[in-house]
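Examining the three-dimensional arrangement
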Amino acid sequence: MTDSKQATGVAPRSFNWKPLVTNQSSILVFVIFVLAAVFTVYSGGKFWDIAVFNNILTDWGLVVLLAVGQTFVVISGGIDLSVGSTVSLSGVVAGVVMVNWMHLDLSVSNEAAIAPLLLALLICVLTGIAVGLVNAFLVNTVNIVPFIATLATLGGAAGLAIIWSGGMPLQGPNFYGLVNPIVLGGVSLSPFSFIVLVSTITVLIAGLFLHRARFGLYTYAIGSNAFAAKAAGINVKRHLTWVYAVSGALSGLAGMYAYTRLGSGSPSSGAGFELQAIAAVVIGGTSLMGGSGKMVGTLLGAFLLYEVQSGLLMVGMDPNWKQVIVAFMIAGAVGVQGFNFSQRRK
Amino acid sequence: MKRSVRSLAVLGAVAAVALTISGCASSTTATPTATTEKQLTIAFVMGAESDPFFQAMKVGAEEEAAAQNVKLVWQGDPSHYDVATEVPIVESVIASKPDGLVLIPTDPDGLQASSDKAVAAGIVVANVDTHTTDTSKAVIFITGDNADGGAKAADAIAAKIGYKDGESYDVVVGLTSATATTNVGRLDGFKAQVAAKYPGIKIQDVAYSASNPQTANSNVSNWLTKYPNLKGIFAIDGTNASGAAAALQAKNLVGKIALVGYDAYPANVALIKAGVFTALIAQDPAEEARQAIKAIVNKIRNNEDPAAHDVVIPNVTLDANTSAADLAKYTYVAN
């Protein structure tokens with residue numbers, strides 16, 4: 001038997017494991033499975049249940065919409081702190097229209113609620129776009145840094161939600177069946193409910209826009225070097241307007257998600273979710289410096305957040321440990337980003 | 001395209017500013033009646049201002065302020081029931097030197113220093129709903145009877161599940177915060193009543209929602225999976241009640257699990273007749289606010305202390321047997 005090296009003059013290449021184990025998404029998948037195993041063992045097997053995954057995905061479905069919009073914004077070099085308040089505001093605006101103006105109450109339910117809920121969806125998304133355009137105006141025209149601009153709209157939107165709702169949840173038409181696993185021809189599609197399916201499809205479309213379309217290319221370019229992007233002929237301000245509008249629209253869609261889940265437009269339904277969205281984005285591997293990141297990371301990062309939340313409750317641990325665990329995940333994610341960056345520079 | 005996008009952005013910003021201004025104009029600060037007395041300024045500072053309980057309290061506060069020639073300054077974080085967000089607001093209010101301060105502390109120790117600082121600055125302080133650890137320097141402390149409310153909740157759950165000695169029943173409790181004295185008081189009252197009269201009821205878990213109904217909804221959904229034989233849920237405040245009600249409706253468990261909530265939000269009161277809620281424990285937040293402002297005004301203008309330092313306003317249990325008139329009377333009025 002001849003030596004392959006003697007025959008060809010080229011040494012056989014061994015499999016390079018390094019990119020696989022340092023790839024952020026690979027690490028996230030590994031962590032997800034390890035945590036699932038740990039939670040299953042310590043919950044006496046209760047965690048490994050389709051109903052638990054239904055609960056995780058129901059929580060994931062709202063935050064992933066916010067995180068997807070946040071991904072575009074962060075890759076472009078900005079940040080959007082207003083997403084949580086926009087969830088509250090859009091749900092309240094829809095509630096005001098349906099309950100206060102059209103006098104539709106909770107007795108309008110199931111199939112009879114489809115038409116009003118479609119109207120509510122339109123209202124929520126338009127409200128979100130309006131907030132997004134305000135953000136874009138503050139960033140592009142008034143030249144306020146995104147952190148401060150969106151901090152302002154965070155407060156403004158939260159305040160308006162309280163004022164217009166009178167501080168109370170507005171209970172209107174509802175279709176709780178949309179929150180439950182889909183049943184097609186007698187077959188359950190658990191853990192996917194209608195609203196989770198909508199979120200999943202939205203994430204997939206957003207991923208295509210980010211990674212396959214010119215929109216995504218321009219977003220990365222602006223986040224990497226806005227000056228160079230402008231010199232290359234990209235209308236940076238117009239593109240950023242679209243980016244913030246998309247984030248706002250997705251926040252509005254999340255507001256409709258929250259309304260569907262609660263059966264009401266509540267002024268506090270989005271409270272704190274901006275931090276969940278940013279955590280999902282960072283854990284998913286998107287750099288807050290801009291110019292890099294992947295949608296699949298965001299999807300996995302958001303899933304990990306709610307796997308931890310559900311898991312802690314199922315094993316009976318104090319839910320406040322979630323914040324500690326998330327802090328470690330964020331630190332770990334940033335550490336991996338830094339390692340990968342240093343490897344690329346070598 | 002460029003011009004239309006920019007125009008749209010400008011239009012959106014102008015619309016938001018206009019709506020904000022109209023919102024500010026429409027949000028009421030009390031318009032005092034004309035009297036010869038000097039107008040007093042009383043600040044009202046709470047945790048999550050969006051909580052409908054506090055919004056219902058605002059209705060009573062504004063009514064009493066108008067009647068007493070008081071300028072009411074209403075302050076609080078929009079959505080976070082948190083000492084970290086409340087302390088800076090209280091400090092700012094103290095710096096503005098109001099005549100009186102109605103404080104709803106999110107943490108009994110965390111707000112103690114600020115409360116003492118207000119008193120030292122000559123501001124008359126009242127505590128409402130929750131209280132600082134030491135209320136001796138406050139002119140009055142008014143609250144609903146939280147322990148009684150928790151006990152009534154235990155009674156309502158036991159009645160719904162058909163409690164029998166010797167059997168075991170799983171229940172869970174949803175709270176907003178581990179430190180808010182109202183939550184702690186209600187939970188203690190619930191536990192005490194369970195221990196005294198319903199030893200077969202097992203409190204399997206408690207979880208916190210930080211005044212977010214979605215978090216409450218998520219907690220209940222996870223509990224329904226973890227405890228397949230769950231018999232009762234005590235949702236210890238209004239936002240927990242809203243989230244829990246939605247979770248039971250989504251899972252088609254209406255009427256199968258006893259759900260007792262707290263605070264008579266109009267949306268939740270409507271769900272009593274629908275069978276979603278076994279009962280709601282209703283407080284009277286408007287009356288708490290009225291009495292607090294009255295006590296402060298009396299102290300400043302007449303140098304009189306209230307007849308009692310600690311005032312407990314009774315709760316009412318609203319259930320399917322409550323008359324329509326009483327339901328309307330105790331439902332919290334939106335501001």
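Since we're looking at a predicted model, the values are computed, not measured.

About the criteria used
- Residues numbered from 1 in each chain as written.
- Chains lettered and ligands numbered in written order.
- Predicted model: local features only at pLDDT ≥ 70, side-chain atom pairs only at ≥ 80, totals over all residues.
- Domains from an automatic or database assignment.
- Contact = placed C-beta atoms within 7 Å.
- Helix = DSSP H or I, 4+ residues; strand = E, 2+ residues; numbered from the N terminus.
- Nonpolar A, V, L, I, M, F, W, Y, C, P; charged D, E, K, R; others polar.
- Pairing = 2+ DSSP bridges.
- Axes fitted to C-alpha atoms, helices over the stretch in contact; angles between N-to-C directions.
- Buried ≥ 20, exposed ≤ 12 C-beta atoms within 10 Å, placed from the backbone.
- Right-handed = clockwise from strand over helix to strand, strands pointing away.
- Parallel < 35°, antiparallel > 145°, perpendicular 65-115°, else oblique.
- Core = buried A, V, L, I, M, F, W, Y, C linked by C-beta atoms within 7 Å.
- Expected span 1.5 Å × (residues − 1).

**Let's talk about the domain arrangement of chain B**
Interface extent is often summarised as the accessible area lost during association of the parts. All names here are of chain B. Each assigned domain of chain B is listed here: domain 1 (38-144 + 285-314) and domain 2 (146-263). Here the C-alpha centroids of domain 1 and domain 2 sit 29 Å apart. Contact residues are listed per partner, giving 14 residues for domain 1 and 13 residues for domain 2. Every element with two or more residues in the side of domain 1 that touches domain 2 is listed here: helix H2 (52-67) and strand S5 (140-144). A per-class count over the side of domain 1 that touches domain 2 returns five nonpolar, six polar and three charged.

**Section: the sheet that holds strand S6 (residues 169-175) of chain B**
Within a sheet, neighbouring strands are paired by backbone hydrogen bonds and run either parallel or antiparallel to one another. All names here are of chain B. Reading across from one edge, S7-S6-S8-S9-S10-S12 is the order of the six strands in this open sheet, with mixed pairing throughout. Each edge of the sheet is formed by a strand with only one pairing partner; in this case those strands are strand S7 (201-208) and strand S12 (316-319). Averaged over neighbouring strand pairs, the angle between their axes works out to 20 degrees when direction is ignored. In terms of strand pairing, S6 meets strand S8 (residues 230-235) through five bridges, oriented parallel. Its bridge partner being in S8, Val 171 is matched across the sheet by Gly 232. Of the strands in this sheet, S6, S7, S8, strand S9 (258-262), strand S10 (279-282) and S12 touch helix H5 (residues 146-161), which is tilted by about 160 degrees from S9.

**Some details on the pairing of S8 of chain B**
Residue and element names in this part refer to chain B. Counting buried residues along S8, six of its six residues qualify, which places the element largely inside the surrounding structure. Alignment of S8 against S9, held across three bridges, turns out to be parallel. When the sheet's bridge partners are listed, Ile 233 is paired in S9 with Leu 259. In this view, the connection linking S8 to its parallel neighbour S9 by way of helix H8 (residues 238-250) has right-handed handedness.

**Considerations on the packing of helix H3 (residues 83-95) of chain B against helix H4 (residues 112-120) of chain B**
All names here are of chain B. The contact between H3 and H4 brings their axes to 10 Å, and the two run at 5 degrees. The angle between the axes of H3 and H4 places the two elements in the roughly parallel class. Between H3 and H4, the residues in contact are Val 87, Val 90, Glu 91 and Ile 94 and Ser 114, Lys 117 and Ala 118, respectively. In the contact of H3 with H4, the residues fall into four nonpolar, one polar and two charged.

**With respect to the pairing of strand S1 (residues 40-46) of chain B**
Residue and element names in this part refer to chain B. Counted residue by residue, S1 has six buried out of seven residues, so it is predominantly covered. Strand direction decides the pairing type here: S1 and strand S2 (residues 70-76), joined by seven bridges, are parallel. Across the sheet, Phe 44 pairs through a bridge with Trp 74, a residue of S2. Bridge count between S1 and strand S3 (residues 100-103): four bridges; the pairing is parallel. In the sheet register, Phe 44 faces S3, and the bridge partner there is Val 102.

**Side note on the nonpolar core**
Of all hydrophobic cores here, the largest spans 203 residues; its most connected members are Val 63 of chain A together with Leu 259 of chain B. With 16 residues, the single largest contributor to this core is helix H4 (residues 50-75) of chain A. Built from parts of two domains, this core gets at least three residues from each of domain 1 (38-144 + 285-314) and domain 2 (146-263) of chain B. Leaving out residues up to four positions away in the same chain, Val 63 of chain A has contacts with Phe 273, Gln 276, Ala 277, Ala 280, Ala 302 and Leu 305 of chain A.

**Things to note about the environment of Val 73 of chain B**
Residues and elements named next belong to chain B. Secondary-structure assignment places Val 73 in strand S2. Residues Val 73 and Thr 133, 60 residues apart in the sequence, show an inter-C-alpha distance of 24 Å. When sequence neighbours within four positions are dropped, the list of residues in contact with Val 73 reads Thr 41, Ala 43, Phe 44, Val 93 and Pro 98.

**Notes on helix H6 (residues 181-197) of chain B**
Residues and elements named next belong to chain B. For H6, spanning 17 residues, the distance from its first C-alpha to its last is 24 Å, which sits close to the expected 24 Å at 1.5 Å a residue. Among all positions of H6, only Thr 181, Thr 182, Asn 183, Gly 185, Arg 186, Leu 187, Gly 189, Phe 190, Gln 193 and Val 194 are buried. Of the surrounding secondary structure, the elements contacted by the buried residues of H6 are H5, S6, S7, S8 and S9.

**Overview of unusual backbone geometry**
Cis geometry is found at the peptide bond from Ser 190 of chain A to Pro 191 of chain A, where omega equals 10 degrees. With respect to the helices and strands, Pro 191 of chain A occurs in strand S3 (residues 187-193). Backbone geometry at Asn 143 of chain A places phi at a positive 60 degrees, although glycine is not the residue there. Positive phi values are uncommon outside glycine, yet Asn 303 of chain B reaches one of about 55 degrees. Tracing the backbone through its elements, the reader meets Asn 303 of chain B in the loop between helix H10 (285-302) and strand S11 (310-313).

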